[in-house]
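Results of the structural survey
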Amino acid sequence: MIDAKNVSIDKTLDTLIEKAADEKIETIWDRKKIMKTPCTFGEKGVCCQICSMGPCRVSFTPDKGVQRGICGATAATIVARNQARKVAAGTASHSDHARDIAYVMHMASENGDYTIKDRQKLFKLATEWNVETKDKDVYTVAHEVAEIALNEFGKPFGYLRFLDRAPEPRKELWEKLELLPRAIDREVTTIMHSTHIGCMSDALSLIHMSMRASLADGWGGSMIATVLSDILFGTPTPIKTETNLGVLDEKKVNIVLHGHEPSLSEMIVLAVCDEGLIELAKQVGADGINLVGMCCTANEVTMRHGIKIAGNFHQQEMIIVTGVVEAMIVDVQCILPSLSQISKCYHTKFITTSPKAKITGSTYIDFDKKNALAIAKKLVREAVENFKNRKPEKVFVPKERSDAIVGFTVEGIKTHLAKVAGIDAVDGSLKPLVDSIANGSIRGIAAIVGCNNTKNKHDSGHNEVIRNLTANNVLVVATGCAAQAAAKGRLMTAEAKDIAGDGLKAVCDFVGIPPVLHLGSCVDISRILVFVSEVAKYLGVDNSALPVVGVAPEWMSEKALAIGTYVVTSGVDVFLGLMPPIGGSPEVVDILTNAAEDLVGAKFYVYEDFSEMTEAILDRMDEKRRKLGI
Ligand code: SF4
Ligand code: MSK
């Protein structure tokens, strides 16, 4: 049996893992245990399945020298090809999410289900993209802007528009190194072509390609997803919420939203307010409807509406084991296929909605956006009508829940700081923040991002690194499942300033912010790119000069690899808590953890010990501070 204390620091799992075992539910940790030691060829990235002469497994040993696959590919080629394909997959995932949001904006209308909530941001983007707005109504502008966004995926000439948001020295470097991504789909396609058998075999060129594709994610797909979501659904502002499985309500119909795209979740948020459905919930014996979120969808709806965050990646099975979930409604990405099996052991309806993510054993209800609100109401109705099927003998809801302040954005941080400093500026100013960094109150800024991974104790990496860094006066911004770990660990409250070092604590007191700022979902790491670039521009330096790092203590997905690569290629060091599958090629390891610095001014670091990681981050920040003369 799995001992919860060995696999998670989250107390909600103590009883639920035991309950799952009693009820013969197989969990992610059971399967991890059965899997035993991973294949070392796969772990080191030297297994190639690109053509059917293989699979080929090669190894590099100093005594035997380079071994080759049947076609002659070396370990360096195989590792770099595998790595490039993973980055392409991550880029495709974030960007295909963005494409759907752009289509939604293209169909938005005054009286439709999807409207424009942030008109100011729309007109700002229209101006940035040279769209004539004079005498045009808001929806005409929205449709023109959406069409331009859609063209970013396949335009034949030029480079991506949002790259112009980067500081000049960075853009010049990208141009010199031929790293400016052209169209988003083109960068993904080029990698798939070049990694076909008999095409690109040069490891450095493959990593170069993966860097260019990753920029099409960060400065392309992810940024389009973030900006257009703000325009459609509203730019978030700081808001209070609650987190962890204790937010489930035994007396109500519980609906869990899980996945990524706000086009679905925003409609469900509207649907649960429908008087008829609330009345129906009462008729079936419930006190009402309780909507909660999981993974990045939770981040999207909590930061715009304060919807409670039930948990992160490693809690998606456990939330069903509580026995009180009437429906788990999902769209795309990070949804475990095991949910269909587990939901059948309870009364939970596991409903898939996207043609991109049909899951065997689920109930599939196509979320046709032309009929969005009506389908959302149908989905909520399915949940409400399922309340009567709940099995009381299987119910257990953990008590743990924590407060959190969520919903920070670049504009929000700037305006907040400016207000406190008495600066009168529309979008605020970076001066108070930059002054705090210069005088040492804030030693640096760390973006803690990414997933959960069964190779780590759930949430321990995130929260240990965050605690260590804030104690050393590092301001933390967080997204994705890392942000949820911090929220559950009570690190996103005003009181959390007490764990911070004296300098950071004083800033938090003065400004009235927690030491860890929730910046949204995985695509919202694009907010961090803009934030870092604005600070660099304010100081007249490149991103790589700043005491800023990206950290992914528990990363696991291909999306995380794409993110890590675009952050490094944008000039910011990335610290990983787990080694990517590249260890089979010393050449590729050297490119990513050493030579990258000469190329793009930043590199990857890998530390599986989180105390050592913290020390290394602080050393790197101090090195940057010395070079800046602060
Ligand atoms: Fe083997 Fe080369 Fe085919 Fe890969 S592409 S499976 S290394 S023969
Ligand atoms: S949901 S990509 S597990 S952060 Fe974005 Fe969490 Fe990682 Fe998915």
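Quantities reported herein were computed from a predicted structural model and do not represent experimental measurements.

Time to look at the domain arrangement of the protein. For the protein, the assigned domains read domain 1 (75-233), domain 2 (245-394) and domain 3 (406-628). The C-alpha-based centres of domain 1 and domain 2 are spaced at 30 Å. Here domain 1 and domain 2 share an interface that buries about 1,300 Å² over both sides, 55% of which is from carbon and sulfur atoms. Counting across the interface, domain 1 meets domain 2 through 4 salt bridges. Here Asp96 makes a salt bridge to Lys356, at a shortest N to O gap of 3.1 Å. Our count for the contact surface shared by domain 1 and domain 2 stands at 7 residue pairs in polar contact (both at pLDDT 80 or more). Counting residues per element, the ones that place at least two in the side of domain 1 that touches domain 2 are helix H5 (75-107) and helix H10 (203-233). Considering each element in turn, the side of domain 1 that touches domain 2 owes the most residues, 8 residues, to H5.

Attention now goes to empty space enclosed by the protein. Considering all chains together, one arrives at 5 cavities of 30 Å³ or more under this definition. There is about 300 Å³ of room inside the largest cavity. Around the largest cavity sit 32 residues that line it, and Val449, Gly450, Ile525, Ile563 and Gly564 are the ones nearest its centre. Of all the elements in the fold, those that place two or more residues in the lining of the largest cavity are helix H13 (295-305), helix H20 (480-488), helix H22 (525-539), strand E16 (548-552), helix H23 (558-569) and strand E17 (573-576). Broken down by class, the residue content of the lining of the largest cavity amounts to 23 nonpolar, 8 polar and 1 charged. Each of two domains, domain 2 (245-394) and domain 3 (406-628), supplies a minimum of three residues to the lining of the largest cavity.

Lining the immediate surroundings of ligand 2 are 13 residues, of which His260, Cys296, Cys334, Cys451 and Cys481 lie closest. One can see that ligand 2 is located within the largest cavity. Each residue belonging to the shell around ligand 2 can be placed in one class, and the counts come to 8 nonpolar, 4 polar and 1 charged. No fewer than three residues from each of domain 2 (245-394) and domain 3 (406-628) sit in the shell around ligand 2.

For the peptide bond that leads from Gly54 to Pro55, omega is 5°, which places it in the cis range. Its place among the elements puts Pro55 in the loop between strand E1 (47-48) and strand E2 (56-57). A positive phi angle is found at Asp135, which is not glycine, with a value near 60°. Note on placement: Asp135 falls in the loop between helix H6 (119-128) and helix H7 (138-151).

Before going further, it helps to spend a moment on the sheet that holds E17. Strand order in the open sheet formed by 6 strands is E15-E14-E13-E16-E17-E18, and the pairing between neighbours is parallel. For this open sheet the edge positions go to strand E15 (516-518) and strand E18 (604-606), each flanked by a neighbour on one side alone. The mean inter-strand angle of the sheet, taken between neighbouring strand axes irrespective of direction, is 25°. Bridge count between strand E13 (residues 444-448) and E16: 4 bridges; the pairing is parallel. When the bridges of E16 are listed, Ala446 appears paired with Val549.

Turning our attention to the nonpolar core. Met105, Ile116, Ile268 and Leu433 are the most contacted members of the largest nonpolar core, which has 146 residues in total. For this core, the leading source of residues is H10, giving 15 residues. Setting aside anything within four residues of it in sequence, one finds Ile268 in contact with Leu257, Leu291, Ile329, Ala376, Leu379 and Val380.

When you tally the buried positions in E16, you get 5 out of 5 residues, the bulk of the element. Side chains of E16 alternate between two faces, with Val548, Gly550 and Ala552 and Val549 and Val551 buried alike. Examined bridge by bridge, E16 and E17 share 4 bridges and lie parallel to one another. Note that in E17 the partner of Val549 across the bridge is Asp573.

What follows is about the pattern of salt bridges. All chains considered together, the criterion is met by 45 salt bridges. Residues Glu300 and Arg304 are paired through a salt bridge, measuring 2.9 Å at the closest nitrogen-oxygen approach. Here Glu300 pairs with Arg304, and both are found in helix H13, just 4 residues apart, close to one helical turn. We classify Arg304 as buried; its relative accessible area is 13%. One salt-bridge network, in which partners are shared between bridges, spans Lys121, Asp230, Glu300, Arg304, Glu411, Asp524 and Arg527.

Every residue near ligand 1 is listed here: Cys48, Ile50, Cys51, Met53, Gly54, Cys56, Gly69, Ile70, Cys71, Ile78, Arg81 and Ile197. Here the shell around ligand 1 is composed, by residue class, of 9 nonpolar, 2 polar and 1 charged.

Here Pro238 shows up in the loop between H10 and strand E5 (239-243). Overall, Pro238 belongs to the partly exposed group, its relative accessible area being 39%. Put simply, Pro238 and Leu519 are 281 residues apart on the chain and 9.8 Å apart in space, counted from C-alpha to C-alpha. With near-sequence residues (within four places) excluded, Pro238 lies in contact with Ile405, Val406, Gly407 and Phe408.

What counts, and where the lines are drawn
Residues numbered from 1 in each chain as written. Chains lettered and ligands numbered in written order. Predicted model: local features only at pLDDT ≥ 70, side-chain atom pairs only at ≥ 80, totals over all residues. Heavy atoms only, no water. Domains from an automatic or database assignment. Buried area = accessible area lost by both parts, 1.4 Å probe. Salt bridge = Lys/Arg side-chain N within 4 Å of Asp/Glu carboxyl O. Polar contact = N/O pair within 3.5 Å; in protein donor to acceptor, adjacent residues only side chain to side chain. Helix = DSSP H or I, 4+ residues; strand = E, 2+ residues; numbered from the N terminus. 1 Å grid on protein atoms, 1.4 Å probe; cavity = no way out; pocket = protein on both sides within 12 Å on 5 of 7 lines; lining within 4 Å. Points joined across faces, edges and corners; volume = space filled by probe spheres on them. Nonpolar A, V, L, I, M, F, W, Y, C, P; charged D, E, K, R; others polar. Near = heavy atom within 4 Å. Sits in = over half its atoms within 2 Å of the grid points. Pairing = 2+ DSSP bridges. Axes fitted to C-alpha atoms, helices over the stretch in contact; angles between N-to-C directions. Core = buried A, V, L, I, M, F, W, Y, C linked by side-chain atoms within 4.5 Å. Buried < 20%, exposed > 50% of the residue type's maximum accessible area, 1.4 Å probe, protein only. Contact = heavy atoms within 4.5 Å.

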